[in-house]
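Tertiary structure, described
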Amino acid sequence: MTISGEPEERLDRRRLLVLARQHARQGRRRVRSAALPVLVAAVAAGVAWAVAHYGLGHEQPFFAPIAAWVCLGFSPSRQIRKVAELAIGVTLGVALGELIAAGLGTGPVQIAVVIVVAALLARFVDRGAMLTVQAGVQGIVIVALPVISATGGAAGRWLDALIGGGFALLVAALTPGDAQRRARQLARASTSDLAQLLRLLARGVATGDEQPIRDALIAGRATQGVLDEWSEVVRNARQSVRISPASRHYQPELADLQHANLFADRAMRNARVIARRGVTAMSAGGDERISAWLTRIAEGTEELGRALGSGTSTLPARETLAGVAGRLAPQRFDEAGWRLQTLVIIMRSLTVDLLQATGLSSQSATALLARDEPPPAD
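Residues numbered from 1 in each chain as written. Predicted model: local features only at pLDDT ≥ 70, side-chain atom pairs only at ≥ 80, totals over all residues. Heavy atoms only, no water.

Considering the overall build of the protein
When helices and strands are counted, the protein shows 14 helices and zero strands. Reading the helices (α) and strands (β) of the protein from amino to carboxyl end gives α-α-α-α-α-α-α-α-α-α-α-α-α-α. Taking all 378 residues of the protein together, the buried fraction comes to 45%. Total accessible area on the protein stands at roughly 18500 Å², and carbon and sulfur atoms take up 59% of it. (Helix = DSSP H or I, 4+ residues; strand = E, 2+ residues; numbered from the N terminus. Buried < 20%, exposed > 50% of the residue type's maximum accessible area, 1.4 Å probe, protein only. Areas by Shrake-Rupley, 256 points an atom, 1.4 Å probe, with all protein chains shown as cover.)

Structural notes on the packing of aromatic side chains
For the structure shown, the criterion picks out one aromatic pair. Taking 6.1 Å as the distance between ring centres and 85° as the angle between the ring planes, the aromatic pair formed by Trp49 and Tyr54 counts as edge-to-face. For Tyr54, a relative accessible area of 64% corresponds to the exposed category. (Phe/Tyr/Trp six-rings, centres within 6.5 Å; stacked < 30°, edge-to-face > 60°.)

Quick notes on the nonpolar core
Leu198, Leu201, Trp230 and Ile290 are the most contacted members of the largest nonpolar core, which has 62 residues in total. Elements represented by at least two residues in this core include exactly helix H7 (181–207), helix H8 (210–221), helix H9 (224–242), helix H10 (251–281), helix H11 (288–310), helix H12 (315–325) and helix H13 (338–357). Those residues in contact with Leu201 that sit more than four places away from it in its chain are Ile213, Ala216, Ala271, Ile274, Ala275 and Leu294. (Core = buried A, V, L, I, M, F, W, Y, C linked by side-chain atoms within 4.5 Å. Contact = heavy atoms within 4.5 Å.)

Observations regarding the side chain of Ser190
As for its placement among the helices and strands, Ser190 is situated in helix H7. The buried category is assigned to Ser190, whose relative accessible area is 3%. Ignoring sequence-local partners within four residues, the contact set of Ser190 consists of Val226, Leu227, Trp230 and Met268.

What about the packing of H7 against H10?
The geometry of a pair of packed helices is captured by two quantities: the angle between their axes and the separation between those axes. Direction vectors running N to C along H7 and H10 enclose 20°, while the axes themselves pass 10 Å from each other. With respect to their mutual orientation, H7 and H10 come out roughly parallel. Seen along the crossing, H7 lies across H10 with a hand that is left-handed. Between H7, through Ala183, Arg184, Ala187, Ser190, Asp193, Leu194, Leu197, Leu198 and Leu201, and H10, the contact on the second element is made entirely by Glu253, Leu257, Ala267, Met268, Ala271, Ile274 and Ala275. Classifying every residue of the contact of H7 with H10 gives 12 nonpolar, one polar and three charged. (Axes fitted to C-alpha atoms, helices over the stretch in contact; angles between N-to-C directions. Parallel < 35°, antiparallel > 145°, perpendicular 65-115°, else oblique. Left-handed = near helix turned anticlockwise from the far one by under 90°. Nonpolar A, V, L, I, M, F, W, Y, C, P; charged D, E, K, R; others polar.)

Considerations on the pattern of salt bridges
Opposite charge on two side chains allows them to pair when their charged atoms are near. What the rule picks out here adds up to seven salt bridges. The salt bridge involving Asp287 is made with Arg289; its shortest N-O contact spans 3.3 Å. What makes Asp287 buried here is its relative accessible area of 10%. (Salt bridge = Lys/Arg side-chain N within 4 Å of Asp/Glu carboxyl O.)

Points about the environment of Pro108
Structurally, the position occupied by Pro108 is in helix H4 (residues 108–125). A residue is classified by how much of its surface remains accessible, and Pro108, at 69% relative accessible area, is exposed. Each C-alpha atom of the pair Pro108 and Ile140 lies 10.0 Å from the other, and the pair is 32 residues apart in sequence.

So, the environment of Leu198
Position of Leu198 relative to the elements: it lies in helix H7. Between the C-alpha atoms of Leu198 and Arg272, which are 74 residues apart in sequence, the distance is 9.4 Å. Here Leu198 is in contact with Ala271, Leu294, Ile297, Ala298, Thr301 and Leu350, once residues within four sequence places are set aside.

Section: a nonpolar patch on the surface
A cluster of nonpolar side chains, namely Leu36, Leu39, Val43, Val47 and Val51, defines an oily patch on the protein surface of about 410 Å² accessible area. As for its position among the elements, Val47 is in helix H1 (residues 6–55). (Patch = residues over 30% accessible without salt bridge, like charges linked within 9 Å, V, L, I, M, F, W, Y side chains within 5 Å.)

A look at H13
The α-helix winds at 3.6 residues per turn, so residues separated by three or four positions along the chain end up facing the same way. The end-to-end C-alpha separation of H13 is 29 Å, in line with the 28 Å expected for 20 residues at 1.5 Å each. Counting buried positions over the 20 residues of H13 gives 16, a clear majority of the element. In the segment just after H13, Gly359 is the residue with positive phi, at about 115°. (Expected span 1.5 Å × (residues − 1).)

Focus: the confidence of the model for the protein
Across the protein, the average pLDDT comes to 83, with 87% of residues at 70 or higher. Taken element by element, the protein is modelled with least confidence in H1, mean pLDDT 78, and with most confidence in H12, mean pLDDT 95. (pLDDT = per-residue confidence, 0-100.)

A word on helix H3 (residues 80–104)
In a regular helix each residue adds 1.5 Å, so 25 residues correspond to 36 Å; H3 covers 35 Å between its end C-alpha atoms and thus fits that length. Of the residues trailing H3, Gly105 is marked for its positive phi of about 85°.

What about the side chain of Arg348?
Structurally, Arg348 is set in helix H13. When its relative accessible area of 17% is taken as the criterion, Arg348 is described as buried. Other than its neighbours up to four places away in sequence, Arg348 contacts Leu328, Ala329, Pro330, Leu369, Ala370 and Arg371.

Here it is, written out as structure tokens:
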């Protein structure tokens with residue numbers, strides 16, 4: 001006899017395990033991409049502290065490393081404009097905080113005043129949102145904290161913030177980032193996630209086992225954040241290269257990456273639909289042909305990811321996907337029933353999306369699909 005609620009508990013445990021694995025996979029990627037930027041920011045913060053301490057004689061120049069870290073952060077895409085916005089915001093906030101604290105003292109009214117003045121002045125200086133936020137935050141910190149003699153006094157804290165922001169700008173200028181590097185990394189990660197999902201689907205369809213298909217659906221839902229980050233990064237990169245003469249040669253590749261992101265996102269959504277439909281379809285049993293096609297599409301997706309990640313030709317991926325597209329004929333499953341036919345129909349949409357991600361037009365990609373006449377034998 002089955003205890004009431006036991007299947008649901010097993011499903012919840014399985015879901016948590018799949019999510020934990022997906023989170024760990026994404027976490028390792030984030031650590032790899034952030035390791036070097038964090039190390040550089042840490043060195044810059046230490047150097048800023050040393051300059052303020054040993055060079056200017058400030059005993060506890062804590063605003064120098066704070067400003068350096070706030071301005072640089074952990075992102076591998078350090079745009080000079082954004083670093084400058086943060087540096088100006090930090091130093092502006094500290095300066096205003098010092099003036100208000102010196103003239104009005106500290107307290108709730110003074111905190112409200114420094115927020116209003118710092119935010120409005122920052123909005124006048126520049127349109128950057130982070131500049132305004134940092135100006136307000138640093139102003140609050142200064143007004144709320146008493147002036148400590150060890151910091152070098154009021155002017156000392158402002159000077160420390162200026163040193164930290166200056167070092168951050170220097171680091172950003174001396175270590176210019178590759179405008180499309182982060183977008184490439186995210187393109188590779190997103191397509192890798194999609195390929196993994198498709199392989200889970202293939203495994204479940206081959207055996208008629210619902211569990212790998214359910215796992216694929218859970219994992220697929222956890223991948224949207226990477227696709228969204230890819231979209232945001234490539235959009236920001238395109239905005240940056242428009243105003244940077246030295247980076248304008250990146251524009252065509254960034255446009256291709258943005259195009260690929262659009263269709264990779266559609267492909268992932270179609271893959272999740274296949275997973276949802278697949279759970280129902282397995283009531284009619286598995287199918288080796290559909291499993292083989294899913295595996296082949298996964299291989300084409302991995303080839304696409306390698307091409308997008310390295311900036312090389314997507315032609316090998318296109319050829320692999322085109323070979324599958326020519327076999328995706330729903331009429332092959334007239335006897336098997338509508339459930340398996342539905343899977344094949346959605347796989348056709350998925351494959352067209354991926355073909356468009358390689359650079360084909362919608363018309364050219366659709367033309368590669370199997371027609372109503374009998375398709376070639378597998």
